[in-house]
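Residue-level structure breakdown
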Amino acid sequence: MTDFSVYTLASSSRGNCTYVRCNDTELLIDAGISMRRIETALCGLGTKLSNISAIFITHEHSDHVSALETISKKYPIPVHFVEASAMAFLGTEKTRTVGQAAVIHPPIYCECVGSLKVQSFVTPHDSAGSVGFVVSDGTAEHTFALATDIGCITESIETALIGVQNVILESNHDENMLLCGAYPYQLKRRILSRTGHLSNEAASKFALQLANNGMKRLLLAHLSPDNNHPVLALRTAELALENTDAMVNVAAMSEPTQLV
């Protein structure tokens, strides 16, 4: 029997890390919280950083990469970047060790690690390079997709996620909270742009499309602690999905949350 599990270890604008296990293969997607927090979360799941076979990076913003140099100084784990993100993040003394561990790819790539295949897809975000991932052992029930830090739903995202049973999807902000909040005007414009972050409403609209095409489990992720609330995000998604069989939950900001 295949042991397949996916957890967000942390998920918000303040730090992101996702853990994937399929039998003896264990991966991380992003490492945007401290190494100590990652180690603590993994310990709670019965594993440790030394068991991680590879780390895949969505993009180079600090809430996705802040622990990489510390991890690379202690563990010889390959770190997979798309080229544009690597060029923006690496090349300084502060990233020297992770640079030695880096594996550089074009925006669209496929990498096999143990029993898992990791396929990237391009996402619209205001970073040097940004991707999401579909991770699978080759079976439908053991496939999941991660799409966060996306300003809008593009054709590449639709193509990647349609038909996937297990999905982690950004639901970053409530538009009213953002517009009425204290953020500077330019930051609000950035978040609302097509290369910013996905709102609860946009996420829920896409979630319905996914549920009508085979999605069974949805985990809402990368919520803003300033411009959203888990109850709002969950309620918006539940209303959209009320006539489907899809189950929906919200990823906790700073502790593990199970998708599969």
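See the structure printed just above.
Residues numbered from 1 in each chain as written. Predicted model: local features only at pLDDT ≥ 70, side-chain atom pairs only at ≥ 80, totals over all residues. Heavy atoms only, no water.

**Focus: the overall build of the protein**
A tally of regular secondary structure across the protein gives 10 helices and 14 strands. Taken against the 2.2 N^0.38 rule, which gives 18 Å for 260 residues, the C-alpha radius of gyration of the protein at 17 Å falls within 12% of a compact globule. Considered along the principal axes of its C-alpha atoms, the protein spans approximately 50 × 45 × 35 Å. Here the protein holds 260 residues, and 54% of them are scored as buried. Taking contacts inside the protein between residues at least 6 apart in sequence as the whole, the part at least 24 apart equals 65%. Accessible surface, the protein as shown: approximately 11300 Å² in total, 51% of it carbon and sulfur. Distance between charge centres in the protein, computed from 18 positive and 26 negative side chains, equals 6 Å. (Helix = DSSP H or I, 4+ residues; strand = E, 2+ residues; numbered from the N terminus. Rg over C-alpha atoms; globule rule 2.2 N^0.38 Å. Buried < 20%, exposed > 50% of the residue type's maximum accessible area, 1.4 Å probe, protein only. Contact = heavy atoms within 4.5 Å. Areas by Shrake-Rupley, 256 points an atom, 1.4 Å probe, with all protein chains shown as cover. Lys, Arg positive; Asp, Glu negative; His and termini not counted. Charge placed at Lys NZ, Arg CZ, Asp CG, Glu CD.)

**Thoughts on the nonpolar core**
Residues L9, L28, I38, L49, I55, L68 and I71 are the most contacted members of the largest nonpolar core, which totals 30 residues. Considering each element in turn, this core owes the most residues, 4 residues, to helix 1 (residues 35–44). Those residues in contact with I38 that sit more than four places away from it in its chain are L9, C17, L28, A31, I33, L49, A67 and I71. Residues A145, L198, L220 and A237 belong to the second largest nonpolar core, which totals 26 residues. (Core = buried A, V, L, I, M, F, W, Y, C linked by side-chain atoms within 4.5 Å.)

**Description of the layout of surface pockets**
With a probe scaled to a water molecule rolled over the atoms, the places where space remains empty come into view. By volume, the largest pocket amounts to about 180 Å³. Broken down by element, the lining of the largest pocket gets its largest block of residues, 3 residues, from helix 8 (residues 185–192). (1 Å grid on protein atoms, 1.4 Å probe; cavity = no way out; pocket = protein on both sides within 12 Å on 5 of 7 lines; lining within 4 Å. Points joined across faces, edges and corners; volume = space filled by probe spheres on them.)

**Details of the environment of L220**
Its place among the elements puts L220 in strand 12 (residues 217–221). Overall, L220 belongs to the buried group, its relative accessible area being 1%. Between the C-alpha atom of L220 and that of N249, which follows or precedes it by 29 residues, the distance is 6.2 Å. Among all residues touching L220, those that are not within four sequence positions of it are L169, S171, A233, L234, A237, V248, N249, V250 and A251.

**A closer look at empty space enclosed by the protein**
Counted under the stated rule, the structure contains 1 cavity of 30 Å³ or more. N16, T18, D30, L146 and T148 are, among the 13 residues lining the largest cavity, the residues nearest its centre. Contributing elements (two or more residues each) for the lining of the largest cavity: strand 1 (4–12) and strand 2 (15–22). Class assignment for the residues of the lining of the largest cavity results in 6 nonpolar, 6 polar and 1 charged. (Nonpolar A, V, L, I, M, F, W, Y, C, P; charged D, E, K, R; others polar.)

**Overview of the side chain of D174**
Tracing the chain through its elements places D174 in the loop between strand 11 (166–170) and helix 7 (175–180). Despite its burial, D174 pairs with no opposite charge, the nearest such side chain being R235 at 8.5 Å. One polar contact links the side chain of D174 to the main-chain amide nitrogen of M177, over a distance of 2.9 Å. D174 has contacts with N200, E201, N227, N228 and L232, leaving out every residue within four places of it along the chain. (Salt bridge = Lys/Arg side-chain N within 4 Å of Asp/Glu carboxyl O. Polar contact = N/O pair within 3.5 Å; in protein donor to acceptor, adjacent residues only side chain to side chain.)

**A word on the environment of S34**
Tracing the sequence through the fold places S34 in the loop between strand 3 (25–29) and helix 1. Taking C-alpha positions, S34 is 16 Å from V79, a pair spaced 45 residues apart along the chain.

**Some thoughts on the pairing of strand 7 (residues 110–113)**
In this sheet, strand 8 (residues 116–122) lies alongside strand 7 in antiparallel orientation, the contact comprising 4 bridges. Looking at strand 8, one finds that C112 is bridged to K117. A loop of 2 residues connects strand 7 with strand 8, the two strands running antiparallel in sequence, and G114 in this loop sits at a positive phi of about 55°. (Pairing = 2+ DSSP bridges.)

**Regarding the packing of aromatic side chains**
Under the definition given, this model contains 3 aromatic pairs. When the centroid spacing of 5.8 Å and the interplanar angle of 70° are considered together, the rings of F56 and F133 count as edge-to-face. In this pair, F56 sits in strand 4 (residues 54–56) while F133 sits in strand 9 (residues 131–136), placing the two residues 77 residues apart along the sequence. Neither F56 nor F133 differs from the other in exposure class; each is buried. The structure contains a cluster of three or more aromatic residues connected by ring pairs, namely F56, Y109 and F133. (Phe/Tyr/Trp six-rings, centres within 6.5 Å; stacked < 30°, edge-to-face > 60°.)

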